[in-house]
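The lines below spell out each chain.
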Amino acid sequence: MYRSRQKENLDKDVLNFLSSLNEDTNILIYDILGTQAHCLMLNKIGILTSAELSKILSSLSKIKFESTNSQNILSNELFLSEDIHELVESIVIQDIGIDIGGKMHTGRSRNDQVILDVRMKLRDDIIDICELIINIIKSLVEKSKEHKNTIISLYTHLQQAQIGTFSHYLLSYSFSLLRDLERISSSFDRINLSPLGSCAIGGTGIPIDRNYTASFLGFRGLLENSIDATSSRDSLIEYLSFLSILMSTLSRIAEDFILWSTSEFNYIELSDRYSSTSSVMPQKKNPDPLEILRSRTSIVHGMLIASLSIIKNLPSGYHRDLQDLKPLLSNSSKIVKESLLIMKGVINTLKVNKKNAFNSANKSYGVSLDIAEQIVIKYHIPFRKVHKLVGALVQQAIKNENISLSQLSKQDLNKILNLLKIKIDVDDLMLIIKDTTPEKSILFRKSYGSPNPFQQNEMVNSIDKSLLFYSKAISERKEMLHTAFNNLEKEVILNTFVEDKNK
Ligand code: ARG
């Protein structure tokens, strides 16, 4: 339809190569809403008469109605369109004729139109994803309440380090996910600016009203500069990078759960509903959903890199390369939404093998630091010396066939104390060691942010507060968009039936 200069039609293979029609089903609804707002504005400034506006709006409404099944519109073979913008305009022109339909693209270009649609879609994706993150954090907090006293080993270098609780572990990821929420939520305001009316790159001579269209479409303001508005994609890539970080968070949780559900760890068991099996080994229970989540993380990361590479050497202005960002964005959003749902289900349904996790922690010498710190506090001996003492105790326990520290004999303790010239009453040392059970080690550590139950309560309170804040912010955004689209819809209805009213 646009080929005013060319004499020939586009080669069929070239059309297939160029076309973004399939991908564009994701933005069809936004394209129609944007076009409705644009045409209302064209009427306000006198480019479209009320009768013309009415015809265009009712034609657009037909497309909107049919677009509930996007295949309907794509199967419209009358038009050889390169994208959804061309297709919608072609359908309107075919429906009501070029004399009226041919006016709807006045004062805009596909270059501002496409980025308008993408920004509108991303706003909805951001809202959905923020809600899903809130839900997964709620699941983590709920699960943590069940496991306040469930002892596990904490690991550094994947070696048993200190004694912890499963709840404290779950809360740790609530905090990472809160930061993901904060980041993704913050991208909303940068994306929620209207590029519409920037035209191809340098604005238009038509006396358009950009604020008028922006407010119908729920934007908080305008992208000021027409070159920037049509050719910058940084805010979109920022969003994609935030999704990539979020996927890394989810992937790390997946990795823990995969590891902890092995027979070697056997700390947790995934629900049957969240595990696969083997075609040949009947005993198998495999964590396939978590493995897919891990690989999808790599795919999202790849899409971020692809998008950075696409823009890195584009001169300013619109280039068709930018079209290829659309599937990268929409596929990433889709993967993220699905992954958040899957991970929430995994968390809600997993069982913890408390006994196994406890036994492993109990055998781990994970109380060593707690023992050392009690000696420091009681005897005012420099920590470095006590480090040597407890290290020597652990060495001896391992030598005695991996017995626990509390099973060391008085002779062994005396020998080590003498060797290191440390003056501590041996009976008292024995008492400290015996008394430092995994459970007590948690109570002994009271520092801010530690697994101590009081600290955990504080964490839950602060997470709840943040969740409340973000839930409110998201409801307000939804309400704001809802109000804008309601107004648009009212105005569309009012102006669609204006002709009949005049008769
Ligand atoms: N299908 C294009 C895209 O997705 C729309 C804009 C095309 N503009 C142009 N001047 N070729 O980016």
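Predicted, not measured: the structure shown is a model, and the values here were computed from it.

About the cut-offs
- Residues numbered from 1 in each chain as written.
- Predicted model: local features only at pLDDT ≥ 70, side-chain atom pairs only at ≥ 80, totals over all residues.
- Heavy atoms only, no water.
- Helix = DSSP H or I, 4+ residues; strand = E, 2+ residues; numbered from the N terminus.
- Buried < 20%, exposed > 50% of the residue type's maximum accessible area, 1.4 Å probe, protein only.
- Contact = heavy atoms within 4.5 Å.
- Lys, Arg positive; Asp, Glu negative; His and termini not counted.
- Charge placed at Lys NZ, Arg CZ, Asp CG, Glu CD.
- Phe/Tyr/Trp six-rings, centres within 6.5 Å; stacked < 30°, edge-to-face > 60°.
- Lys NZ or Arg CZ within 6 Å of the ring centre and 35° of its normal.
- Core = buried A, V, L, I, M, F, W, Y, C linked by side-chain atoms within 4.5 Å.
- Near = heavy atom within 4 Å.
- Polar contact = N/O pair within 3.5 Å; in protein donor to acceptor, adjacent residues only side chain to side chain.
- Areas by Shrake-Rupley, 256 points an atom, 1.4 Å probe, with all protein chains shown as cover.
- Axes fitted to C-alpha atoms, helices over the stretch in contact; angles between N-to-C directions.
- Parallel < 35°, antiparallel > 145°, perpendicular 65-115°, else oblique.
- Left-handed = near helix turned anticlockwise from the far one by under 90°.
- Nonpolar A, V, L, I, M, F, W, Y, C, P; charged D, E, K, R; others polar.
- Salt bridge = Lys/Arg side-chain N within 4 Å of Asp/Glu carboxyl O.
- Pairing = 2+ DSSP bridges.

Asker: Just to check I follow, could you spell out the overall build of the chain for this structure?
Answerer: The helix and strand inventory of the chain stands at 22 helices and six strands. Across the 503 residues of the chain, 49% fall into the buried class. The long-range fraction of contacts in the chain, counting pairs at least 24 apart against all pairs at least 6 apart in sequence, stands at 78%. The averaged location of the 58 negative side-chain charges in the chain is 8 Å from the averaged location of its 60 positive side-chain charges.

Asker: Whenever I open this one, the packing of aromatic side chains confuses me. Can you help?
Answerer: What characterises a pair of aromatic rings is the spacing of the ring centres plus the angle enclosed by the ring planes. Evaluation of the coordinates by the stated rule reveals ten aromatic pairs. Relative to Tyr 267, the ring of Trp 260 lies with its centre 6.0 Å away and its plane at 45°, an arrangement referred to as tilted. Residue class for Trp 260 comes out buried when judged on its relative accessible area of 5%. Three or more aromatic residues joined by ring pairs form one cluster here, namely Tyr 155, Phe 166, Tyr 169, Tyr 173, Phe 257, Trp 260, Phe 265 and Tyr 267. Looking at Lys 44, its charged tip hangs above the ring of Tyr 212, at a distance of 4.8 Å from the centre. Just above the ring of Phe 219 sits the side chain of Arg 123; from NZ or CZ to the centre is 4.4 Å.

Asker: Looking at this model, I keep getting lost on the nonpolar core. Mind explaining?
Answerer: Looking at soluble globular proteins, one finds that nonpolar side chains tend to be buried together. Of all hydrophobic cores here, the largest spans 71 residues; its most connected members are Phe 166, Ile 184, Phe 257 and Met 343. Broken down by secondary-structure element, the contributors of at least two residues to this core are α8 (110-146), α9 (166-191), α12 (234-260), α13 (288-312), α14 (325-349) and α21 (453-496). Sort the elements by how many residues they give to this core and α8 lands first, with 15 residues. Apart from the residues lying within four places of it in its own chain, the contact partners of Met 343 are Ile 136, Leu 250, Ile 253, Ala 254, Phe 257, Leu 290 and Leu 293.

Asker: Just checking my understanding: could you explain the site of the ligand for this structure?
Answerer: All residues adjacent to the ligand are Ser 20, Asp 83, His 85, Arg 110, Asn 111, Val 114, Tyr 318, Arg 320, Gln 323 and Lys 326. One nitrogen or oxygen atom from the side chain of Arg 110 is found 3.4 Å from a nitrogen atom belonging to the ligand. Lys 326 places a side-chain nitrogen or oxygen 2.5 Å from an oxygen atom of the ligand. Within the complex, 86% of the 340 Å² of free accessible area of the ligand lies under protein. Broken down by element, the shell around the ligand gets its largest block of residues, three residues, from α8.

Asker: Whenever I open this one, the packing of helix α17 (residues 383-399) against helix α18 (residues 410-420) confuses me. Can you help?
Answerer: For any two helices packed against each other, the geometry is given by the interaxial angle and the distance between the axes. The contact between α17 and α18 brings their axes to 10 Å, and the two run at 140°. Comparing their axes, α18 and α17 come out oblique. Crossing hand, α17 versus α18: right-handed. Facing α17, whose interface residues are Lys 388, Leu 389, Ala 392, Leu 393 and Gln 396, α18 presents Asp 412, Leu 413, Lys 415, Ile 416, Leu 417 and Leu 420. The residue makeup of the contact of α17 with α18, split by class, is seven nonpolar, one polar and three charged.

Asker: Can you help me understand the packing of α13 against α14 in this one?
Answerer: The geometry of α13 relative to α14 is characterised by a closest axis approach of 10 Å and an angle of 155° between their N-to-C directions. If you check the angle between α13 and α14, you find them roughly antiparallel. For α13 against α14, the interelement crossing comes out left-handed. Taking contact as the criterion, the partners of Pro 289, Leu 290, Leu 293, Arg 296, Ile 299, Val 300, Met 303, Ala 306, Ser 307, Ile 310 and Ile 311 in α13 are, on α14, Leu 325, Leu 328, Asn 331, Ser 332, Ile 335, Glu 338, Ser 339, Ile 342, Met 343 and Val 346. Broken down by class, the residue content of the contact of α13 with α14 amounts to 15 nonpolar, four polar and two charged.

Asker: Just checking my understanding: could you explain the side chain of Asp 24 for this structure?
Answerer: With respect to the helices, strands and loops of the structure, Asp 24 is situated in helix α2 (residues 21-24). Using a relative accessible area of 0% as the deciding quantity, one classes Asp 24 as buried.

Asker: Sorry if this is basic, but what is going on with the side chain of Asp 112 here?
Answerer: Tracing the sequence through the fold places Asp 112 in helix α8. No salt bridge forms around the buried Asp 112; measuring N to O, its nearest opposite-charge neighbour Arg 108 is 6.1 Å away. One polar contact links the side chain of Asp 112 to the main-chain amide nitrogen of Ser 109, over a distance of 2.8 Å. Looking at Asp 112, its side chain comes within polar contact range of the main-chain nitrogen of Cys 199, at 3.0 Å.

Asker: Help me understand the pairing of strand β2 (residues 159-165) in this model?
Answerer: Put simply, side chains in a regular strand alternate between the two faces of the sheet. Summarising the sheet, strand β1 (residues 151-156) and β2 pair through five bridges and their orientation is antiparallel. Paired with Tyr 155 across the two strands is Gln 160, which belongs to β2. Where β1 hands over to β2, the hairpin turn is made up of two residues, of which His 157 adopts a positive phi near 55°.

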